Amino acid sequence: MNQYHYPNLQVVVLAAGQGKRMRSTMPKVLHDVLGKSMLSHVLAGIEALCPQGIALVTGHGGEQVYAAVEKAYHVSSITQAEQLGTGHAVQQAEAVCASADNVLIVCADTPLLQAATLASLLERHAQLDADISFLSAKVDKPTGYGRVCRNQQGSVESIVEERDASDAERLLNEVSSGIFCVKQKLLFQLLKQIDNNNQQSEYYLPSIVPLALQQGAKVEAVVMTDANEMLGVNDRTQLRHVTELLQQRVIEDWEKEGVSIEQPNTVRIDVSVKIGMDTVIRAGSQLLGNTAVGDGCKVGPYAVIKQSWVDDYVKIHAFSHLEQAHVGAHADIGPYARLRPQAELDEGVKIGNFVEIKKSVIGQNSKVNHLSYIGDTTMGQDCNVGAGTITCNYDGANKHKTVIGDRAFIGSDTKLIAPVTVGDGATIGAGSVITKVVQKDGLTLSARPEQRYVKDWKRPEKS
Ligand code: UD1
Ligand code: MG
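Being a predicted model, the structure only gives us computed values, none of them experimental. (Residues numbered from 1 in each chain as written. Chains lettered and ligands numbered in written order. Predicted model: local features only at pLDDT ≥ 70, side-chain atom pairs only at ≥ 80, totals over all residues. Heavy atoms only, no water.)

## Looking at the environment of Ser158
The cut-off we apply is this: Each helix is a run of DSSP H or I of at least 4 residues and each strand a run of E of at least 2, with the numbering of both proceeding from the N terminus. Only heavy atoms enter the contact rule, under which two residues are in contact if any of them lie within 4.5 Å.
Positionally, Ser158 belongs in strand S9 (residues 156-160). Taking the C-alpha atoms as reference points, Ser158 and Pro206, 48 residues apart in sequence, are found 7.5 Å from one another. In contact with Ser158, other than residues within four places in its own chain, are Arg147, Val148, Cys149, Val209 and Pro210.

Structure below.
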């Protein structure tokens, strides 16, 4: 992301609203858009401006909102105890703005907003020596937004909220993004003069526009080139819509980097995911959180990879589920494999269908191909683990470790009752229950039930 430098700018982010239209117990701005909250998306764009400070105005769920972002972003928290409107919200930030020349006000519910667009607003504001500048957009469906009213000369006169607009005003298709840059001193003078004589009885920030014009100040609307960037999220349908638009942006960016994505409408790729060249992501797959997938991999269909690291030339077959796992180069996983946290797979490992691996290291070229559970285990290289092998790691109170050397061959349906060690090159006979050290090389097997033959036995017949 480009970095900018605005040392005399204070940013105020509005995030105090409850977001009633979301119908949620979680504050609206914490809702997720491809692995990051709406608020985090907005703050990431703002941080790239390198302003003197970012003040976050919170109210509903304020502590939760601030706690969610304070570690990742340099923000100060300001409380708006009662939500009396966007103008009232900005007023709460007067003290932190005192030393700034300009104040940039951004709503926290516009997650598609990009730093470059904010920078273009700030640039125009400086170029035109405007007192108030705001981003507007021409849209097909203006419903829900404040309409920009201009006079016959085309100059901005006011912004009218939908609920206060006349039928004629509602037809206007230029809308306000809610993003303003205002000279600091003027801003707080004007905010003291606004009233709440409107349908919602709120102190609206856009009310500063006509007041400023009456006092001879210069107001400019900067029309955005991409109207999608200002989409505000007020309900679940709008949340889905911005998520789809952002997903399209993310997918097209990866396509430019040489990644193939089949049936993209069925795929989810979070914004923080990294993908290498010539990798193919098949239908229905989800790459979530801080996942990285290397070059030349094949993922899916219907694979889920969360917070995991996958090296080059790995195949993750259908319906496999990975979480906090590391998969070495040329490994082959699934179909229907489950890699749980701290599964560490070395190069060339093969994990087949219905195999679960948890908190275990699997050495180079080792294979666990069918129906097994391997937990709390360290396995060497070139091992072959037969179908249905279980590391019995839990005694009901504590977890115990299994250590397997190199080139071990573990027969099908073996139970390794941990803690237990298996030596290099050991072979374990099928169906064994292992409770003691398995020596290296040779064959180890536990007693098997006697096999009997009942010659005259007859199969039951249906009565
Ligand atoms: C607002 C603008 C509208 C603009 C639209 C763009 C006003 C009055 N309306 O409408 O002109 O077209 O955004 O998306 O400014 N908030 C507070 N404290 C409050 C009220 C709101 O912090 O007392 C915060 C909310 O958390 C939200 C933001 O301000 O992040 C905007 O509030 P919201 O209720 O979403 O306003 P809109 O109806 O979308
Ligand atoms: Mg809104």
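On we go from here.
## Focus: the site of ligand 1
Heads up, the rule is: Near, as used in this document, describes a residue that has one of its heavy atoms within 4 Å of the molecule or strand being considered. Here a polar contact means two N or O atoms within 3.5 Å. Within protein one must be a hydrogen donor candidate and the other an acceptor candidate, and residues neighboring in sequence count only if both atoms are side-chain atoms.
Taken together, 23 residues form the shell around ligand 1, and within it Leu14, Gln80, Thr86, Glu161 and Ser176 come nearest. The backbone of Leu14 places a nitrogen or oxygen atom 2.8 Å from an oxygen atom of ligand 1. Within the side chain of Gln80, one N or O atom sits 2.7 Å away from a nitrogen atom of ligand 1. Of all the secondary structure elements, the ones that give two or more residues to the shell around ligand 1 are strand S1 (6-15), helix H3 (86-91) and strand S10 (174-183).

## A short note on the sheet that holds strand S15 (residues 280-281)
Where we set the bar: Note on pairing: two strands pair once DSSP finds at least 2 bridges between them.
On the basis of which strands lie adjacent, the open sheet formed by 11 strands has the order S12-S15-S18-S21-S24-S27-S30-S33-S36-S39-S41 and parallel pairing. In the strand order of this sheet, the two ends are held by strand S12 (260-261) and strand S41 (443-444), each with one partner. Of the pairings in the sheet, the one linking strand S36 (residues 409-410) to strand S39 (residues 427-428) comprises two bridges and is parallel in character. In the sheet register, Ile410 faces S39, and the bridge partner there is Ile428.

## What to know about the coordination of the magnesium ion (ligand 2)
Selection rule: We call an atom a donor if it is N, O or S and sits within 2.8 Å of the metal, or 3.2 Å for Na, K and Ca. Water is not counted, so some sites may look partial. Only protein chains enter the area calculation, which uses a 1.4 Å probe; residues under 20% of their type maximum are buried, those over 50% are exposed, and those in between are partly exposed.
The protein atoms that coordinate the magnesium ion (ligand 2) are Asp109 (OD) and Asn234 (OD1), at distances spanning 2.2 to 2.4 Å. You can see Asp109 sitting in the loop between strand S6 (102-107) and helix H5 (115-127) and its partner Asn234 sitting in the loop between strand S11 (219-223) and helix H9 (236-256), a full 125 residues away along the chain. Judged on exposure class, the residue Asp109 and its partner Asn234 are both buried.

## Examining the environment of Lys28
Within the fold, Lys28 resides in the loop between S1 and strand S2 (32-33). We classify Lys28 as buried; its relative accessible area is 10%. Spatially, the C-alpha atom of Lys28 lies 41 Å from that of Ile374, the residues being 346 residues apart in sequence. Not counting residues within four places of it along the chain, the set of residues in contact with Lys28 comprises Gln18, Gly19, Met22, Met38, Asp109, Val233 and Asn234.

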